[in-house]
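What follows is the residue order along each chain.
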Amino acid sequence: MILEKQQWSWLAVVGLCALWCGCASTGGRRDLPEWVRDPAALEKSYPRHRYFIGMGVCGGASGADLMSRKQAEATAVADIASVVEVQINDTVEAHDTSVERNGKLLEQSVRIQTTKRVVTGILSGVEIKHVYFDERSLNWHTVALLDRSRAGAGAAEAVAQRLARGRTVLAGLGAGPVSDLVALRRLESMTTELDRLAVALAIFAPSRKAAAKTQIETFKRNVAAQRETARGAARVRVVMASDQAAPLPPALRAAAVRALGEAGFSVVIDQAAGEFHVTVKTKTATQVGTMRIFEVSSGATFKLIEQGRTVMQGRVPIDPLSASRSNAEHLSRTRSLNRLADRLRMEIVAMLNDEGA
């Protein structure tokens, strides 16, 4: 009998604990708003065929913790953004557009970043609809909504804005083939964004798709035609210089030639429309001990010039990344300059690909 009473007592304690835990959980508490207890209930008021719904949760110190509230709201917006990005990327891949046929990892990464920029514009219509602070769990709960029709309007507005900027660039061509090619290269990412926006219109505003597609295709043809014209005349001569009399290794010139060629410029010896100047600088430190050690570091400045005007410029700083140590100064210098070559090529590529350069 005593054993039975102990068993029943234990079962009662377990039952009470289970009941208490259930009440403490979000799902069992009746004091919470319905959308916190059951997020699926939101679809009753905001059906998914009309809205994108995002939810965010963030712990906070109190109901006055506005930073935590803002974080919860940002999480809810990011929740919507991730869904929109997936829909755009899936639709693009399903239709196998021209910008999707090269599966290189680098280009895939660029496409993903482009989609994120496109989605940022579309999210201008997001509204934070519900906010609640749970005093017991110390959590902020938020709901963000994006009306699909507003997403379509945002996409249409983004198309108009990009086309206007692009047409302004095209209207400003004529300063010279080198400058023109630089300007046209900056439009490449814009045309990719326009492809994404066309997909967004097809998803969120089908009635606006046809008109936008016609304008986008016309703009892309104009850009392609102008780019081919500029490429044919954008001949550049590479001019190497050094702060020392000793000759530079061929790898440095080859690095500049390769970067320019990949960007569409023709590197020539004479009859050039522009010049690409590279000035190499070295720094030598000497350590004297049982043996004299020379540490040589190198860097470079470079600029693209057309008709006496600097079109673009950049630099590779002198730092330990290109340093070399040896008991022979010429050997340290050669090694340092060869290490500089790869960095020079990467910095030139970064400059030529910089949309805001």
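Residues numbered from 1 in each chain as written. Predicted model: local features only at pLDDT ≥ 70, side-chain atom pairs only at ≥ 80, totals over all residues. Heavy atoms only, no water.

Draft legend 1. View of the overall build of the protein. For the protein, the count of helices and strands is 10 helices and 9 strands. Counting across all 357 residues of the protein, residues that qualify as buried make up 38%. Pairs at least 24 residues apart make up 71% of the contacts formed inside the protein by residues separated by at least 6 positions. In the structure as shown, the protein presents an accessible area of about 19600 Å², 55% of it carried by carbon and sulfur atoms. (Helix = DSSP H or I, 4+ residues; strand = E, 2+ residues; numbered from the N terminus. Buried < 20%, exposed > 50% of the residue type's maximum accessible area, 1.4 Å probe, protein only. Contact = heavy atoms within 4.5 Å. Areas by Shrake-Rupley, 256 points an atom, 1.4 Å probe, with all protein chains shown as cover.)

Draft legend 2. Focus on the sheet that holds strand β3 (residues 139–147). Spatial strand order, β1-β3-β2: 3 strands in an open sheet with antiparallel pairing. Each end of this open sheet is capped by a strand with a single partner; those strands are β1 (51–59) and β2 (127–134). Averaged over all pairs of adjacent strands, the angle between strand axes in this sheet comes to 15°, irrespective of strand direction. Strand direction decides the pairing type here: β2 and β3, joined by 7 bridges, are antiparallel. Paired with Phe133 across the bridge in β3 is Trp140. On top of the sheet, helix α6 (residues 148–171) reaches β1 and β3; it is set at about 65° to β3, its chief contact. (Pairing = 2+ DSSP bridges. Axes fitted to C-alpha atoms, helices over the stretch in contact; angles between N-to-C directions.)

Draft legend 3. Highlighting the pattern of salt bridges. Evaluation of the coordinates by the stated rule reveals 13 salt bridges. Taking the shortest distance from any N to any O, the salt bridge between Arg48 and Glu43 comes out at 2.9 Å. We classify Arg48 as partly exposed; its relative accessible area is 43%. What makes Glu43 partly exposed here is its relative accessible area of 37%. Among the ionic contacts, a cluster of salt bridges with common partners joins Arg69, Lys70 and Glu73. (Salt bridge = Lys/Arg side-chain N within 4 Å of Asp/Glu carboxyl O.)

Draft legend 4. The packing of α6 against helix α7 (residues 177–204), seen in detail. Axis separation between α6 and α7 bottoms out at 9 Å; the angle between their running directions is 160°. When the axes of α6 and α7 are compared, the pair comes out roughly antiparallel. Helix-helix and strand crossings are classified by hand; for α6 and α7 the assignment is left-handed. Taken together, the residues that form the contact of α6 with α7 break down as 17 nonpolar, 2 polar and 4 charged. (Parallel < 35°, antiparallel > 145°, perpendicular 65-115°, else oblique. Left-handed = near helix turned anticlockwise from the far one by under 90°. Nonpolar A, V, L, I, M, F, W, Y, C, P; charged D, E, K, R; others polar.)

Draft legend 5. Spotlight on the packing of aromatic side chains. One pass over the full model with this rule turns up 4 aromatic pairs. Taken together, a centroid distance of 5.4 Å and an interplanar angle of 80° make the contact between Phe52 and Phe204 edge-to-face. Residue Phe52 is located in strand β1, and its partner Phe204 is located in helix α7; the two are separated by 152 residues in the primary sequence. Accessibility assignment for this pair places Phe52 and Phe204 in one class, buried. In this structure, Arg148 packs its charged tip against the face of Phe52, placed 4.1 Å from the ring centre. (Phe/Tyr/Trp six-rings, centres within 6.5 Å; stacked < 30°, edge-to-face > 60°. Lys NZ or Arg CZ within 6 Å of the ring centre and 35° of its normal.)

Draft legend 6. Structural detail: unusual backbone geometry. With a phi close to 50°, Gln271 is a non-glycine residue in the positive phi region. Summarising the element assignment, Gln271 is placed in the loop between β5 (266–267) and β6 (274–287). Residue class for Gln271 comes out exposed when judged on its relative accessible area of 70%. One non-glycine residue, Gln307, lies in positive phi territory at about 50°. Positionally, Gln307 belongs in the loop between β7 (293–306) and β8 (309–316). Using a relative accessible area of 62% as the deciding quantity, one classes Gln307 as exposed.

Draft legend 7. How the structure looks around helix α10 (residues 329–353). Here α10 contains 25 residues, and its C-alpha end-to-end distance of 36 Å stays within 8% of the 36 Å for a straight helix at 1.5 Å per residue. At Ala341, α10 shows its largest bend, some 25°. Of all the positions in α10, only Ser332, Arg333, Ser336, Leu337, Leu340, Ala341, Arg343, Leu344, Arg345, Ile348, Met351 and Leu352 are classed as buried. (Expected span 1.5 Å × (residues − 1). Bend = angle between axes of the 7 residues up to and from the residue.)

Draft legend 8. Representation of the nonpolar core. Residues Ile122, Phe265 and Phe276 are the most contacted members of the largest nonpolar core, which totals 65 residues. Here the element with the most residues in this core is α7; it accounts for 13 residues. Each residue touching Phe265, except ones within four places of it in the same chain, is listed here: Val178, Leu181, Val182, Ala234, Val236, Leu260, Leu304 and Leu352. Counting 9 residues, the second-largest nonpolar core is a separate cluster that includes Leu32, Ile53, Val143 and Leu145. (Core = buried A, V, L, I, M, F, W, Y, C linked by side-chain atoms within 4.5 Å.)

Draft legend 9. Molecular detail of the packing of helix α9 (residues 250–262) against α10. Close contact between α9 and α10 brings their axes to 8 Å; oriented N to C, the two are set at 20°. In terms of orientation, α9 and α10 fall into the roughly parallel class. You can see that α9 and α10 cross each other, and the crossing is right-handed. Contacts between α9 and α10 pair Ala251, Leu252, Ala255, Ala256, Arg258, Ala259, Leu260 and Glu262 from the former with Leu337, Asn338, Leu340, Ala341, Leu344, Arg345, Ile348, Val349 and Leu352 from the latter.

Draft legend 10. Quick look at the side chain of Asp180. As for its position among the elements, Asp180 is in helix α7. One buried charge, Asp180, has no salt-bridge partner; the nearest side chain with opposite charge is Arg309, at 7.5 Å. At a separation of 2.9 Å, a polar atom in the side chain of Asp180 contacts the main-chain amide nitrogen of Gly174. Leaving out residues up to four positions away in the same chain, Asp180 has contacts with Leu173, Gly174, Ala175 and Ala230. (Lys, Arg positive; Asp, Glu negative; His and termini not counted. Polar contact = N/O pair within 3.5 Å; in protein donor to acceptor, adjacent residues only side chain to side chain.)

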